[in-house]
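One letter stands for each residue in the lines below.
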Amino acid sequence: MTVGPARTVVALLEKLHTAFSGFNTAFNEGQYVLWLGSGISRDRVKNVAELLTSVVEHLRVNIDIGDDDCEYRTALNEVLRLAALRREELDTLDFSTTFTSWPLRERIVSTLITNYSQVLDVSVGDSNPDDYLVWTALDVPNTYGAPDLVPDVEHYCIAILMLEGLVSSAVTANWDGLLEKALAELTPAFESRVRVAVKPDDFRNAGPSIEIIKFHGCAVRARDNQGEYRQLLVARESQISRWTEQPENRSMRKHLEVLYTDRLTLMLGLSAQDANLHTVFAGAIQDLARPWPASPPPVVLSEEQLEAYHRNLLKITYGSSYQGNAAAIAQSALLGAYGKPTLLALVLASLTEKLSFWVQPEVQETWGDAAVQQLQDDLRSLRDLVAIHADPAHPEAVESEERLGHQRAFAARIVDVVNLALAVFRTGQIPAPRSGRYEPLSARPAAQAVLDPDFPARQFGRLGVALSLVGRGLASGQWSASTGDSSLPQDGVLCLATSERNTRVFFVKDSAALTQLEVDGSFDAGDPDVLIVMADEEPPVQTRSPRGRFGRGGKPGAGRFSVASGVAGTASPDELYEAFKLAGGL
């Protein structure tokens with residue numbers, strides 16, 4: 001069966017619910033390790049083609065035209081031979097003009113991409129160090145280690161998934177520090193929560209719950225400490241071919257092998273074509289090849305199509321089971337989407353699945369399995385309606401830069417809205433405007449979070465119920481919705497709009513959070529266009545829900561809706577929905 005690529009978040013969510021439901025379930029249990037490559041940073045740092053262009057141009061501009069034996073000329077000729085040009089084609093090249101003006105430039109670059117590690121291994125005379133093309137021509141400190149580089153959608157989404165406790169390990173071949181920067185922006189506890197392993201000694205820091213393993217080195221550390229970390233930048237063919245056999249890499253190799261053997265793998269932006277990775281994967285499954293059929297899939301590739309090196313990876317992984325099952329294995333592994341839609345979909349799906357998990361024990365005993373399923377379906381409907389806004393209305397009709405800007409703005413909205421909603425829900429306090437911090441639902445997968453006696457699982461289950469009611473109204477056209485903004489706290493966490501009114505909604509966990517919200521003046525208790533949704537029951541003296549928009553003496557005031565009281569006092573989700581509408585005047 002041939003399936004087209006999923007280029008929107010909505011399309012990928014559909015895949016996660018159908019063909020890749022097993023993967024989705026296991027991912028939300030925290031079973032997958034992320035293996036990351038340059039594809040996740042391609043819109044923030046130079047891609048391989050641009051880097052190779054820089055190398056050729058660096059060599060060209062440094063040629064001494066009057067010296068036939070110039071070391072830069074010799075090195076450039078060696079690079080061009082790797083492009084498989086014929087002698088007569090080489091003779092047509094004009095070293096006095098910029099590389100970008102050469103008629104054969106595109107062909108040269110496209111051929112060199114598959115030989116990039118050999119290009120970077122070319123020596124430039126005896127006086128320059130072996131890594132001259134990497135460190136100087138590519139300008140690693142200012143290309144990959146620049147302090148002003150800004151994380152992209154992929155880095156923020158991965159950071160969110162890590163803070164939600166769904167990804168504990170990320171293995172990356174990338175030199176940049178964009179994932180670390182995203183995490184540092186989202187959480188003030190970066191140093192205590194995140195271990196970045198570049199050298200074997202780094203694995204001895206056993207405290208943090210999140211680890212980033214940079215097995216090809218780190219440009220940020222090399223920029224700050226060239227003497228210790230420059231030599232750890234791996235890119236040249238001679239380094240890659242010897243990497244797995246060098247004693248100083250033994251600890252790193254063993255760690256990677258254990259992760260590949262014992263955990264499931266999601267690859268994002270990683271071609272997995274380097275020889276040292278193949279050796280790691282082959283060593284990992286030497287005594288424990290993956291069986292087929294397998295569910296959830298041991299390897300999932302966030303790609304639109306499989307290349308030869310992906311198929312080789314699957315062949316290594318499944319061993320003797322690959323023969324005769326190659327097509328089915330490929331279908332199980334190919335997600336059909338690149339990093340941005342994949343990760344945005346996983347963030348939306350994971351938040352929804354956590355709330356869905358906590359909804360079940362909250363209402364199952366009262367209303368039964370059918371009611372649980374109805375509420376969970378309404379939650380997923382809300383998720384899908386939100387996902388529509390992750391891409392432009394007609395993504396195929398807009399330029400890539402416009403689509404990229406739209407996705408970045410959507411990711412930033414996720415961070416701000418979730419932080420706002422959960423700060424208000426937990427404490428009743430409005431967070432600092434546009435702080436860039438992220439407040440996770442839980443720091444562990446849903447089933448593990450409830451094992452903590454202090455975790456408010458019931459209140460989060462009720463929040464899920466309330467949001468499912470919002471989703472039902474949206475899907476049925478009862479109202480439209482817009483999200484709040486931490487810089488405009490008076491607008492609420494959500495605004496539900498009907499033909500008659502715009503209702504600003506605040507969700508709070510309990511009476512303590514509600515009191516704090518009132519004390520801070522975040523809403524006007526006399527405003528009929530405000531709805532307070534409380535997870536717990538209100539104290540008897542304050543009980544007002546479910547009821548209409550008018551309080552004591554017939555005077556208008558803010559609506560109150562207690563999810564706990566509503567579930568206890570109604571016979572079904574349908575009745576609860578009607579009570580919610582009444583309380584909000586919707």
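See the structure shown above.
Residues numbered from 1 in each chain as written. Predicted model: local features only at pLDDT ≥ 70, side-chain atom pairs only at ≥ 80, totals over all residues. Heavy atoms only, no water.

Novice: Describe the overall build of the protein, and please don't skip the residues or the numbers.
Specialist: Counting its regular elements, the protein contains 27 helices and 11 strands. Rg of the C-alpha trace for the protein: 28 Å, near the compact-globule value of 25 Å for 586 residues, within the 12% margin. Taken along its principal axes, the extent of the C-alpha atoms in the protein is 100 × 50 × 45 Å. Scored against the burial criterion, the 586 residues of the protein give a buried share of 54%. Taking the intrachain contacts of the protein between residues at least 6 apart in sequence as the baseline, contacts between residues at least 24 apart amount to 71%. Carbon and sulfur atoms form 49% of the exposed surface of the protein, whose accessible area is close to 24,900 Å². Here the protein holds 54 positive side-chain charges and 75 negative ones, and the gap between their average locations is 3 Å. (Helix = DSSP H or I, 4+ residues; strand = E, 2+ residues; numbered from the N terminus. Rg over C-alpha atoms; globule rule 2.2 N^0.38 Å. Buried < 20%, exposed > 50% of the residue type's maximum accessible area, 1.4 Å probe, protein only. Contact = heavy atoms within 4.5 Å. Areas by Shrake-Rupley, 256 points an atom, 1.4 Å probe, with all protein chains shown as cover. Lys, Arg positive; Asp, Glu negative; His and termini not counted. Charge placed at Lys NZ, Arg CZ, Asp CG, Glu CD.)

Novice: Please give an account of helix H22 (residues 400-427) that cites residues and values.
Specialist: Working note: α-helix, 3.6 residues per turn, so residues spaced by three or four point in the same direction. Here H22 spans 40 Å end to end across 28 residues, near enough to the 40 Å set by a 1.5 Å rise per residue. Positive backbone phi, approximately 80°, marks glycine 428, located one or two places after H22. (Expected span 1.5 Å × (residues − 1).)

Novice: Mind laying out the side chain of lysine 340, listing which residues take part and the relevant values?
Specialist: With respect to the helices and strands, lysine 340 occurs in helix H20 (residues 339-367). Among the polar contacts made by the side chain of lysine 340, one reaches the side chain of aspartate 152 at a distance of 3.3 Å. Aside from chain neighbours lying at most four places away, what touches lysine 340 is Asp43, Asp152, Val153, Glu154, Leu404 and Gln407. (Polar contact = N/O pair within 3.5 Å; in protein donor to acceptor, adjacent residues only side chain to side chain.)

Novice: Break down the layout of surface pockets for me, citing the residues and quoting the values.
Specialist: Over the atoms, a rolling probe the size of a water molecule traces out where space has been left empty. Its volume calculated, the second largest pocket comes out at about 890 Å³. Taken together, 29 residues line the second largest pocket, and the ones lying closest to its centre are Leu382, Val386, Val417, Thr483 and Leu494. Of all the elements in the fold, those that place two or more residues in the lining of the second largest pocket are H20, helix H21 (369-387), H22, helix H24 (457-476) and strand S7 (480-483). Here the lining of the second largest pocket gets 7 residues from one element, more than from any other, and that element is H22. When the residues that make up the lining of the second largest pocket are grouped by side-chain class, the tally is 23 nonpolar, 4 polar and 2 charged. (1 Å grid on protein atoms, 1.4 Å probe; cavity = no way out; pocket = protein on both sides within 12 Å on 5 of 7 lines; lining within 4 Å. Points joined across faces, edges and corners; volume = space filled by probe spheres on them. Nonpolar A, V, L, I, M, F, W, Y, C, P; charged D, E, K, R; others polar.)

Novice: Tell me about the sheet that holds strand S8 (residues 494-497), and name the residues and values.
Specialist: Taken in spatial order, the 5 strands make up an open sheet running S7-S8-S9-S10-S11, and their pairing is mixed. Of all the strands in the sheet, just S7 and strand S11 (559-562) have a single pairing partner and so form its edges. Between one strand axis and the next, the sheet turns by 25° as a mean value, whatever way the strands run. Bridge analysis of strand S9 (residues 502-508) against strand S10 (residues 530-534) gives 5 bridges, and the strand direction is parallel. Note on S10: the bridge partner recorded for valine 505 is leucine 531. The sheet contacts of H22 involve S7 and S9, and relative to S9 the element is tilted by about 65°. (Pairing = 2+ DSSP bridges. Axes fitted to C-alpha atoms, helices over the stretch in contact; angles between N-to-C directions.)

Novice: Describe the packing of helix H10 (residues 153-163) against helix H11 (residues 178-186), naming the residues involved and giving the relevant values.
Specialist: The interhelical angle for the contact between H10 and H11, taken along N-to-C directions, is 60°, at an axis separation of 8 Å. By the angle class used here, H10 and H11 are oblique. Judged by the twist between their axes, the crossing of H10 over H11 is right-handed. Between H10, through His155, Tyr156, Ile158, Ala159, Ile160, Met162 and Leu163, and H11, the contact on the second element is made entirely by Leu178, Leu179, Ala182, Leu183, Glu185 and Leu186. For the contact of H10 with H11, a count of residues per class yields 11 nonpolar, 1 polar and 1 charged. (Parallel < 35°, antiparallel > 145°, perpendicular 65-115°, else oblique. Left-handed = near helix turned anticlockwise from the far one by under 90°.)

Novice: Which residues make up the pattern of salt bridges, and what values go with them?
Specialist: Any two side chains of opposite charge can pair if their charged atoms end up close together. Summed over the entire model, instances satisfying the criterion amount to 40 salt bridges. Across the pair arginine 87 and aspartate 91 runs a salt bridge, and its minimum N-O distance is 3.7 Å. An identical accessibility class is assigned to arginine 87 and aspartate 91; each is exposed. The shortest N-O distance in the salt bridge between arginine 221 and aspartate 202 comes to 3.2 Å. Placement of arginine 221 in helix H13 (residues 219-224) and of aspartate 202 in the loop between strand S3 (194-197) and strand S4 (210-214) is noted, with a sequence separation of 19 residues between them. Owing to a relative accessible area of 15%, aspartate 202 belongs among the buried residues under this scheme. In the salt-bridge network here, residues are joined through shared partners; they are Asp43, Asp152, Glu154, Lys340 and Arg408. (Salt bridge = Lys/Arg side-chain N within 4 Å of Asp/Glu carboxyl O.)

Novice: Account for the environment of glutamine 478, with residues named and values stated.
Specialist: For glutamine 478, the location among the structural elements is in the loop between H24 and S7. Sequence separation between glutamine 478 and leucine 270 is 208 residues; the distance between their C-alpha atoms is 45 Å. Apart from the residues within four sequence positions on either side, glutamine 478 is in contact with Gly473, Thr498, Tyr577, Lys581 and Leu586.

Novice: Give a detailed account of empty space enclosed by the protein, specifying residues and quantitative values.
Specialist: By the definition in use, this model includes 2 cavities of 30 Å³ or more. The wall of the largest cavity is formed by Leu36, Ile40, Ser41, His155, Thr172, Asn174, Asp176, Leu179, Glu180 and Lys214. A class-by-class count of the residues in the lining of the largest cavity yields 3 nonpolar, 4 polar and 3 charged. Its volume calculated, the second largest cavity comes out at about 30 Å³. Taken together, Phe425, Arg462, Leu463, Ala466, Phe507, Val508, Val533, Met534, Ala535 and Val563 make up the full set of residues lining the second largest cavity. At the level of elements, H24, S9 and S10 are the ones that each hand at least two residues to the lining of the second largest cavity. Looking at which element gives the most residues to the lining of the second largest cavity, the answer is H24, with 3 residues.

Novice: So what's going on with unusual backbone geometry? Residues and values would help.
Specialist: Outside of glycine, negative phi angles account for most residues, and trans bonds account for most peptide bonds. Here the bond from tryptophan 292 into proline 293 is cis, since omega is 0°, no more than 30 degrees from zero. Along the chain, proline 293 falls in the loop between helix H17 (275-284) and strand S6 (299-302). In this model, serine 295 is joined to proline 296 through a cis peptide bond whose omega is 0°. On the secondary structure map, proline 296 appears in the loop between H17 and S6. Backbone geometry places alanine 84, a non-glycine residue, at a positive phi of 60°. Checked against the element boundaries, alanine 84 lands in the loop between helix H4 (71-81) and helix H5 (87-90). A relative accessible area of 53% means that alanine 84 is categorised as exposed. A positive phi angle is found at aspartate 139, which is not glycine, with a value near 55°. Here aspartate 139 falls in the partly exposed class, since its relative accessible area comes to 30%.

These results come straight from atomic positions and should not be treated as a statement about function.
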